[in-house]
Each structure stands twice: as C-alpha cells, then as structure tokens.
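# Tertiary structure, described
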Amino acid sequence: MNLLKSIKNNIPNAITCLNLLSGSLACICASHGSEHIGGEAGAITYYQLAFIMIAAAAVFDFFDGFVARLLGVVSSIGKELDSLSDCVSFGLAPALIVFFMVRELYPSSWVAYCALLVAVFGAVRLARFNTDESQATSFVGLPIPANAIFWIGFCDYFYTLAPSAAGEYVILAAIVVLSYAMVSKLRMFSLKFKNYRIGGNLHRYLLIVGTVVSIVALGVKGLAVAIILYFVLVLLFARYEREAAANH
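Remember, it's a predicted structure, so these values are computed and weren't measured experimentally. (Residues numbered from 1 in each chain as written. Predicted model: local features only at pLDDT ≥ 70, side-chain atom pairs only at ≥ 80, totals over all residues. Heavy atoms only, no water.)

## Quick word on the overall build of the chain
Condition: Secondary structure is summarised from DSSP: a helix means a run of H or I of at least four residues, a strand means a run of E of at least two, and numbering begins at the N terminus for each. Taken over C-alpha atoms, the radius of gyration is set against a globule rule of 2.2 Å times the number of residues to the power 0.38.
Along the chain, the regular secondary structure elements total nine helices and two strands. For the chain, the succession of helices and strands along the chain, N to C, is α-α-α-α-α-β-α-α-β-α-α. At 19 Å, the chain has a C-alpha radius of gyration in line with the 18 Å of a compact globule built from 248 residues. Overall size of the chain, expressed as C-alpha extent along the three principal axes, is 60 × 50 × 30 Å.

Structure follows, in structure tokens:
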C-alpha cells in the first residue's frame, strides 16, 4: 500500500519532470538554429522543433497541476518543482532561441547576450509569483508561459526575414519590454472563467477569438500578435474598470 501511495503522490511530479525534460530539449534544439533536422532535406528546422518542445512543456505544465488536484496530492515540493521546470521551459529555452537566432542573423551583435535577460527576469517573476497569494485569479506582471508564447511567434517571424540594420534593435526592444513586463506591477487577467456570461468575460472572449484569428491568418507568427493583443486588452479594460469605479 505504501508503494501505491508513493506512486500516486509522485505522478504529478513525474509529469512536471516531463515539462523540465521538454524545456531542456528545447534548449538543445535552439543551439542548432535554422539547421534542418536530417540535413537540407529535413522537413523542419531545429528552432521549429524547439517551439514544439516548449509547446509540449506547456501541455505538461497544465496537466501536472490538474492531475495533482484530481488525485488530491498537491504539495509544496510539487509547487517548487513546477516553478523550477517553468524557469527552464518558459524562461531559459526562449532566451536561448533568441540568443542563437541573433548570433545567426547578426554574428557580431552584442544584442544576443541581452536575450539572457529573458531567463533572468523570468526567474524573478516566478519567485514573486510563489510568494504572492494575490495571484490566484489574476496575475501581477506577464506570466512566464505567455512570455514563451510571444517569443515563439516573434522568432518564427524573424527567422524568415533577411537581416537588416534595424532588425537587431527591434529584437533588443522586444527583449527589454518583455523582460520588464514579467516583473512589472501591471495587473493582468487570467483565462479562468467563474461563469461564461459575456459580462465580466468580454476581455477573455476577445483574447480567445483574437488568438484564433491571428493563428489562422499568420500561422505560428500569430502567437506574438496574440500576446500583443493581451497587453492591449489589459490596458483597455484596466482603464474601463477605473472609469467605472470613479462613476460609482
């Protein structure tokens, strides 16, 4: 019975470790940049495989918590392991994708090293999240998985462009903005629904619809557009809520 209990208690942690494994594989794939897997005849590139690994990590990240609650085995160790895994999968992995992309497109550019700020600020964001009990239904700062989603779409776009003089500074600006966003005090809504009525959930429905439209229209690149839309909706509805509160 003790063995069965031990297995049950560690099922969510095993899923979390798959998140970490996927993120680690994404880091390895990122180092090969736009090389095709299996040579020039390969169907996909290594950076695209890195995207897939991050997506797999996101799936495992969702299911570890879901399974832990389902089995009633939520633990503090599981929470810490989850954060450590997220730091690799959604912080370090996208940072390395950006790093090696810049090194490939702009070989002599110092901007590549700035990409590591994404991993650093991602770790700070996770540490704050773990010590802030006010983030159960909304977030303070950009969630680190959303950070990874943005970089998947952004890097997919930049890998298709010819290097330009302004390109590296656009990348630098994105690094600074996303890094700051993760540790900012900006209150950002989650996709958790208390009910499914339009009232109170309009911003969530707009984000979901906008994300679907962006992906259908632009493919993987649409993920970056979806995160930009997320920022816009946060700012718009924050202003709406302030005006509504003032009128009352």
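## Some remarks on the packing of aromatic side chains
For any pair of aromatic rings, the description rests on two quantities: the centre-to-centre distance and the angle between the ring planes. Quick reminder of the rule: For this analysis, a ring pair means two rings from Phe, Tyr or Trp (six-membered ring only for Trp) whose centres lie within 6.5 Å, classed as stacked if their planes differ by under 30 degrees, edge-to-face if by over 60, and tilted for the remaining angles. We call a residue buried when its accessible area falls under 20% of the maximum for its residue type, exposed when it is over 50%, and partly exposed in between, using a 1.4 Å probe and counting protein chains only.
Enumeration over the complete set of coordinates arrives at 13 aromatic pairs. On the basis of an interplanar angle of 70° and a centroid distance of 5.4 Å, the ring pair of Tyr 47 and Phe 51 is categorised as edge-to-face. One end of the pair is Tyr 47 and the other is Phe 51, both in helix α2 (residues 46–71) and four residues apart, which spans about a single turn. For the pair formed by Tyr 47 and Phe 51, the shared burial category is buried. One aromatic cluster is present, built from ring pairs that chain together Phe 150, Trp 151, Phe 154, Tyr 157 and Phe 158.

## Focus: the nonpolar core
Test applied: The term nonpolar core refers to a set of buried residues drawn from Ala, Val, Leu, Ile, Met, Phe, Trp, Tyr and Cys, joined through side-chain atoms within 4.5 Å.
Core analysis: the biggest nonpolar cluster contains 57 residues, and Leu 142, Trp 151, Ile 171 and Ile 175 have the highest contact counts within it. It is helix α3 (residues 76–105) that contributes the most residues to this core, eleven residues altogether.

## Thoughts on helix α7 (residues 167–183)
Note the following rule: To estimate how far a helix should extend, the number of its residues minus one is multiplied by 1.5 Å.
Helix length check: α7, at 17 residues, gives a terminal C-alpha distance of 25 Å against a target of 24 Å (1.5 Å per residue), a fit within 8%. Regarding α7, the residues found buried are Gly 167, Glu 168, Ile 171, Leu 172, Ala 174, Ile 175, Leu 178, Ser 179, Ala 181, Met 182 and Val 183.

## Details of the packing of helix α6 (residues 144–158) against α7
Note the cut-off: Axis definition: a line fitted to C-alpha atoms, limited for helices to the stretch in contact. Angles are taken between N-to-C directions and run from 0 to 180 degrees. The cut-offs work like this: below 35 degrees is roughly parallel, past 145 is roughly antiparallel, 65 to 115 is roughly perpendicular, and the gaps in between are oblique. Contacts are assigned to residue pairs that have any heavy atoms within 4.5 Å of one another. Gly is put with the polar residues, along with every residue not named as nonpolar or charged; the nonpolar set is Ala, Val, Leu, Ile, Met, Phe, Trp, Tyr, Cys and Pro, and the charged set is Asp, Glu, Lys and Arg.
Look at α6 against α7: their axes get within 11 Å of each other, and the N-to-C directions meet at 170°. It follows from the interaxial angle that α6 and α7 lie roughly antiparallel. Across the interface between the two elements, Ile 144, Asn 147, Phe 150, Trp 151, Phe 154 and Phe 158 of α6 pack against Gly 167, Val 170, Ile 171, Ala 174, Ile 175, Leu 178 and Met 182 of α7. Grouping the amino acids of the contact of α6 with α7 by side-chain chemistry returns eleven nonpolar, two polar and no charged.

## Things to note about the environment of Leu 49
Structurally, Leu 49 can be placed in helix α2. Linking Leu 49 and Val 183, residues 134 residues apart in sequence, is a C-alpha distance of 28 Å. When residues no more than four places from it in sequence are discounted, the contact partners of Leu 49 are Cys 29, Ile 37 and Ile 44.

## Here's the deal with α2
An ideal rise of 1.5 Å per residue puts 38 Å on 26 residues; α2 measures up with 37 Å between its terminal C-alpha atoms. Every buried residue of α2 is accounted for by Tyr 47, Ala 50, Phe 51, Met 53, Ile 54, Ala 57, Asp 61, Asp 64, Val 67 and Ala 68. Elements that come into contact with the buried residues of α2 comprise α1 (2–30), α3 and α6. Looking one or two places after α2, you find Gly 72, whose phi comes out positive at around 70°.

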